[in-house]
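Geometric and topological summary
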Amino acid sequence: MTFRSRTAIRLSDGRELIYFNEEEHTDRGGYPDTRHLPTPPPASQLRYDPLVDEWVAVAAHRQTRTFLPPSDACPLCPSTPSFASEIPAPGYDVVVFENQFPSFSDRIKPDEVTSLTDMVPVRPGIGRCEVVCFTSDHNSSFGSLSPCRVRTVVDALADRTAEMSRITGVAQVFPFENRGVEIGVTLHHPHGQIYAYPTVPPRTQQMLRASAAYLARTGRDLYTDTLAAERAAAVRVVASNEHWTAYVPAAARWPYEVQLAPHRKVPDIPALSDQERDAFGPLYLDVLRRFDALFGKPMPYISAWHQAVVGEGRELGYLHLQLFSIRRAADKLKYLAGSESAMGAFVNDVVPENAAETLRAL
């Protein structure tokens, strides 16, 4: 792993913060949080929707979260003598901390409601939400990081995935990054998040059902065979190296969508070897820079790590990263309108083979 030391502290409201330091003998734990913060909010509420067999989180406290502050009041920048941020130290490499406005947490109200009707049970949104700051440079981006820094981020995600997977009640750990105001980011500073879900999310449930059915029918792993078929066809492959392939899915839902998968089946980020972790950064950075070059300006995107679930069905998981943008042209965005939002039936405006060819040519 590339980080040389790991320093954990507590913020003034009791939330955990962890520095992942790239230099040996670095200890940023000596900088206390000087703010006077309110007690963190309790866990969100999970409400069951019987019509689609899904749980919906209700987290009203998130309405008050910070929204696009000026750069001199960014809560993700290092603290200065004139401004105390979420990170007390005057500098950092990679830092992870509990979200101040979490969708899920382990803080439970004593008088939690257990049902709204006979059809709609309610339970606390037990879990954890963390923020991952990739760099102390407010004006940078993930695509501008060095491969060494990407390796530090991957190691930090592995550390957090392993620890959050051990939390009682957690069903899946989901690291992701939202980039761009078009996507809906509320902070410009380069950062991602990690959700420890109390239930298996709908997308993962669909993938588990498909994988289980394919295994029962063929005795083989679905993602392994899908990746092998894409590598053999080559027409949708954007870039690859010894350990990873980046390709546009044949049935891509988004105008520009790429999946990055290791050639070896592993369930999650902690299971990646040193060689696989090292090889990921150069390929991912290459793809991100192709995205930015596509229309000559920063591309809004969502970057989502799909990891195996913690419990039943874990053997079906195949780690991969899904990267996609809602931008379909230089001056056009793909809005999830009637078919996508109401019915979940996607209509893609860009032919996946053409998207792959365009990204390869950049």
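Look above for the structure.
Overview of the structure. Just so it is clear, the structure is predicted and the values come from calculations on it, not from any experiment.

Here we take up the packing of helix 1 (residues 147-165) against helix 4 (residues 274-294). For the pair helix 1 and helix 4, interaxial distance at closest approach is 9 Å and the crossing angle is 125 degrees. It follows that helix 1 is oblique to helix 4 by the angle criterion. Here helix 1 runs over helix 4; the crossing is right-handed. Here helix 1 contributes Pro 147, Val 150, Arg 151, Val 154, Asp 155 and Ala 158 to the contact with helix 4, which in turn contributes Asp 274, Arg 277, Asp 278, Phe 280, Gly 281, Pro 282 and Leu 285.

A few words now on the sheet that holds strand 10 (residues 191-197). Pairing between the strands of a sheet comes from backbone hydrogen bonds, and it takes one of two forms, parallel or antiparallel. Ordered in space as 1-2-5-8-10-9-14-15-13-12-11, the 11 strands form an open sheet in which the pairing is antiparallel. Of all strands in the sheet, those bounded by a partner on one side alone are strand 1 (5-10) and strand 11 (237-240). Between one strand axis and the next, the sheet turns through 20 degrees on average, direction left out of account. In the sheet, strand 13 (residues 256-262) pairs with strand 15 (residues 320-325) via five bridges, with the strands oriented antiparallel. Counted as the bridge partner of Gln 259 is Gln 322 from strand 15. Each of strand 1, strand 2 (16-21), strand 5 (94-98), strand 8 (128-133), strand 9 (172-179), strand 10 and strand 14 (301-306) touches helix 1; the most contacted strand, strand 2, lies at about 145 degrees to it. Contacts from helix 3 (residues 222-233) reach strand 11, strand 12 (244-247), strand 13 and strand 15 within the one sheet, and its direction differs from that of strand 12 by about 75 degrees.

This paragraph deals with the side chain of Asn 21. Tracing the backbone shows Asn 21 in strand 2. At 3.4 Å, the side chain of Asn 21 and the side chain of Thr 7 are in polar contact. Setting aside anything within four residues of it in sequence, one finds Asn 21 in contact with Phe 3, Arg 4, Ser 5, Arg 6, Thr 7, Thr 26, Arg 28 and Asp 93.

Considered as a void within the structure, the largest pocket measures approximately 1500 Å³ in volume. Tyr 197, Pro 201, Pro 202, Arg 203 and Thr 204 are the residues nearest the centre of the largest pocket, which is lined by 46 residues in total. Breaking the lining of the largest pocket down by element, the ones donating at least two residues are strand 4 (54-58), strand 9, strand 10, helix 2 (202-218), strand 14, strand 15 and helix 5 (338-343). With six residues, helix 2 is the single largest residue contributor to the lining of the largest pocket. When grouped by side-chain class, the residues that make up the lining of the largest pocket number 27 nonpolar, 11 polar and eight charged. By volume, the second largest pocket amounts to about 640 Å³. Arg 203, Met 207, Tyr 223, Gln 259 and His 320 are the residues nearest the centre of the second largest pocket, which is lined by 30 residues in total.

Cut-offs used in this document
Residues numbered from 1 in each chain as written. Predicted model: local features only at pLDDT ≥ 70, side-chain atom pairs only at ≥ 80, totals over all residues. Heavy atoms only, no water. Axes fitted to C-alpha atoms, helices over the stretch in contact; angles between N-to-C directions. Helix = DSSP H or I, 4+ residues; strand = E, 2+ residues; numbered from the N terminus. Parallel < 35°, antiparallel > 145°, perpendicular 65-115°, else oblique. Left-handed = near helix turned anticlockwise from the far one by under 90°. Contact = heavy atoms within 4.5 Å. Pairing = 2+ DSSP bridges. Polar contact = N/O pair within 3.5 Å; in protein donor to acceptor, adjacent residues only side chain to side chain. 1 Å grid on protein atoms, 1.4 Å probe; cavity = no way out; pocket = protein on both sides within 12 Å on 5 of 7 lines; lining within 4 Å. Points joined across faces, edges and corners; volume = space filled by probe spheres on them. Nonpolar A, V, L, I, M, F, W, Y, C, P; charged D, E, K, R; others polar.

So yeah, pure geometry; function would need other evidence.
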